[in-house]
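Observations on chain architecture
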Amino acid sequence: MRVWYFSEMAYHPAWDEGLKRGSLRVVLPSDNVDPQVAHGLLNRYLDEFALCDEVGLDIMINEHHSTATCMTVSAPMALAVIARETRKSRLLSLGSPIANRPDPVRVAEEMAWLDVLSGGRLEMGLVKGAPYEIAPANSNPARLMRRYWEAHDLILKALSTSDGPFNWEGEFFHYRNVNIWPRPIQQPTPPVWMTGLSVETGRLAAERGHVVGTLLSGGVAKPMYDAYRQRAQELGWTAGPDRFAYAACIGVGHTREEGLRRADLIAGYVRTAGVVAEPFTNPPGYNSLGANVAMLKAGGGKGGFVKDRAGNPVDQTKATVEQFMATDTVFAGTPDDVVQQITAFNQRMGGIGHLLFFGQGGFLDHKDTADNIRLFAREVFPRIQHLNADRPASSRRPVAAE
């Protein structure tokens, strides 16, 4: 099992105002940001990513827009800084919301450049993006997935073509000469990741052999992983744990109380992530018909994306840290506690090869964050990294690597 540390690099000083207004995304005015405070926070967060390289953890970055929950507006830009400051960590961009980006070839250039800068350490996430990103990007949600898959195919072709320019005439994108420089070190492309919350996404990811990840809800993860495995079998190959990733808030302490306190502060992100004005929560056409039906059956999608182990929705805006632990959204306690929780979760999921370690969130300060990282790396990671050693590896390489 690989472990990837990440933080959304939030501007938590504006959270109280956003909660009062009923939306932390899209419509919260930026006069709630003090740029000098943001300067200090961004540099502090980058120091914490650099620490991960020292203690042997890999690193993940994502991006969001027009929100106080995440100041990372460009995953490639953040990773460029991190790549220059690190030497060993694999660097995961999870990722670029390519259906909202106007120029997929530019995305391919950014990924290739990052792979070269980092010495071939990049892992490339090509993601759909959250529904709240539609309005800031001025995208059309009804055709988002058609645009996503065209951008996906164009990016992979651009990265893997090295024998001269090619022409692209698609539904959404038109190029006379695609010929990116430099080409990536990892040939033909860096490893490709996707994110999702549905059985449908699991099947689509299996058809391409990509790593698929889901965030903060064990009740959603298992059906998606199972759909991936089933589709892989239908296509004649076996999906090993290396095809599956899961993100959880993790608080490790020298005592159980300290671990739970840290996790409770980190879980502040989960409580605030879905606080958004209603018009932006489910743009018409963003979700498939099946996904909308499932949300209605589950209670209309109220409370967010967190579900318990039986698939029932949990009000993530009010859940306690113990309730989050019962949904596998949070692992917390002493190192022994956290190892036990991760091991049990891995077994329930049928084996996951990547743990996305949400080790900082909201009001967790630098001292606590640094200790959380060090304690996890020293006392937890060595005891989980060999999980799944007895499970078969994937029996085929991803499409992007063929």
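These notes cover the structure that comes with them. Everything quoted here is computed from the prediction, not taken from an experiment.

Definitions and limits used
- Residues numbered from 1 in each chain as written.
- Predicted model: local features only at pLDDT ≥ 70, side-chain atom pairs only at ≥ 80, totals over all residues.
- Heavy atoms only, no water.
- Helix = DSSP H or I, 4+ residues; strand = E, 2+ residues; numbered from the N terminus.
- Rg over C-alpha atoms; globule rule 2.2 N^0.38 Å.
- Buried < 20%, exposed > 50% of the residue type's maximum accessible area, 1.4 Å probe, protein only.
- Contact = heavy atoms within 4.5 Å.
- Areas by Shrake-Rupley, 256 points an atom, 1.4 Å probe, with all protein chains shown as cover.
- Lys, Arg positive; Asp, Glu negative; His and termini not counted.
- Charge placed at Lys NZ, Arg CZ, Asp CG, Glu CD.
- Phe/Tyr/Trp six-rings, centres within 6.5 Å; stacked < 30°, edge-to-face > 60°.
- Lys NZ or Arg CZ within 6 Å of the ring centre and 35° of its normal.
- Expected span 1.5 Å × (residues − 1).
- Core = buried A, V, L, I, M, F, W, Y, C linked by side-chain atoms within 4.5 Å.
- Pairing = 2+ DSSP bridges.
- Polar contact = N/O pair within 3.5 Å; in protein donor to acceptor, adjacent residues only side chain to side chain.
- Axes fitted to C-alpha atoms, helices over the stretch in contact; angles between N-to-C directions.
- Parallel < 35°, antiparallel > 145°, perpendicular 65-115°, else oblique.
- Left-handed = near helix turned anticlockwise from the far one by under 90°.
- Nonpolar A, V, L, I, M, F, W, Y, C, P; charged D, E, K, R; others polar.

So, on to the overall build of the chain. When helices and strands are tallied, the chain shows 14 helices and eleven strands. Taking 2.2 N^0.38 as the reference for a compact globule, 402 residues should give roughly 21 Å; the C-alpha atoms of the chain span a radius of gyration of 20 Å, in line with that estimate. Along the three orthogonal principal directions, the C-alpha set of the chain runs to about 60 × 50 × 45 Å. Taken over 402 residues, the chain has a buried fraction of 58%. The long-range fraction of contacts in the chain, counting pairs at least 24 apart against all pairs at least 6 apart in sequence, stands at 75%. Here the chain displays about 16700 Å² of accessible surface, and carbon together with sulfur accounts for 52% of that area. Looking at charge distribution, the chain has the averaged site of its 42 positive side-chain charges lying 3 Å from that of its 44 negative ones.

One pass over the structure, following the stated rule, counts 14 aromatic pairs. Measuring from ring centre to ring centre gives 5.4 Å for tyrosine 5 and phenylalanine 49, while their planes differ by 70°; the resulting arrangement is edge-to-face. Here tyrosine 5, found in strand β1 (residues 2-6), pairs with phenylalanine 49, found in helix α2 (residues 35-55); they are 44 residues apart in sequence, far enough to count as distant. The same class applies to tyrosine 5 as to phenylalanine 49, namely buried. These aromatic residues form a ring-pair network of at least three members: Tyr5, Phe49, Phe357 and Phe376. The ring of tyrosine 286 carries the charged tip of lysine 128 above its face, separated from the ring centre by 3.9 Å. Taking the ring centre of tryptophan 149 as reference, the NZ or CZ of arginine 208 above it sits at 3.7 Å.

Helix length check: helix α6 (residues 144-160), at 17 residues, gives a terminal C-alpha distance of 24 Å against a target of 24 Å (1.5 Å per residue), a fit within 8%. Most of α6 sits inside the fold, with twelve of its 17 residues counted as buried.

So, on to the nonpolar core. Within soluble globular proteins, side chains that are nonpolar tend to cluster in buried spots. In this structure, Leu57, Ile250, Phe331, Ile342, Leu355, Phe376 and Ile384 are the most contacted members of the largest nonpolar core, which totals 94 residues. The greatest single-element share of this core, amounting to nine residues, is contributed by α6. In this view, leucine 355 contacts Met1, Arg2, Val3, Trp4, Tyr246, Ile250, Phe331, Ile342, Phe376 and Ile384; residues no more than four positions away in its chain are not counted. One finds Phe6, Ala263, Ala267 and Val306 within the second-largest nonpolar core, a separate group that totals 30 residues.

On to the pairing of β1. On any regular strand, side chains alternate: one points to one face of the sheet, the next to the other face. Of all five residues making up β1, four are buried, and the element is well covered by its neighbours. Sheet topology places β1 next to strand β11 (residues 354-358); five bridges connect them, and they run parallel. Residue tryptophan 4 lies in a different strand from β11, and its bridge partner there is leucine 356. Looking at chain direction, β1 and strand β2 (residues 58-61) are connected through two bridges and run parallel. Note that in β2 the partner of tryptophan 4 across the bridge is aspartate 58.

Along the chain, the position of threonine 214 falls in strand β8 (residues 211-215). Classification of threonine 214 by relative accessible area gives buried; the value is 0%. Side-chain polar atoms of threonine 214 contact the backbone oxygen of glycine 196, separated by 2.8 Å. Excluding residues that lie within four positions of it along the chain, threonine 214 makes contacts with Gly196, Leu197, Val220, Ala221, Met224, Tyr225, Ala245, Tyr246 and Ala247.

Attention shifts here to the packing of α2 against helix α3 (residues 75-85). Viewed as axis vectors pointing N to C, α2 and α3 meet at an angle of 50°, and their least axial separation amounts to 10 Å. Between α2 and α3, the interaxial angle falls into the category oblique. α3 is crossed by α2, and the crossing has right-handed handedness. Each of Leu46, Phe49 and Ala50 in α2 lies in contact with α3, whose residues at this interface are Val81, Ile82 and Glu85. Considered class by class, the residues forming the contact of α2 with α3 number five nonpolar, no polar and one charged.

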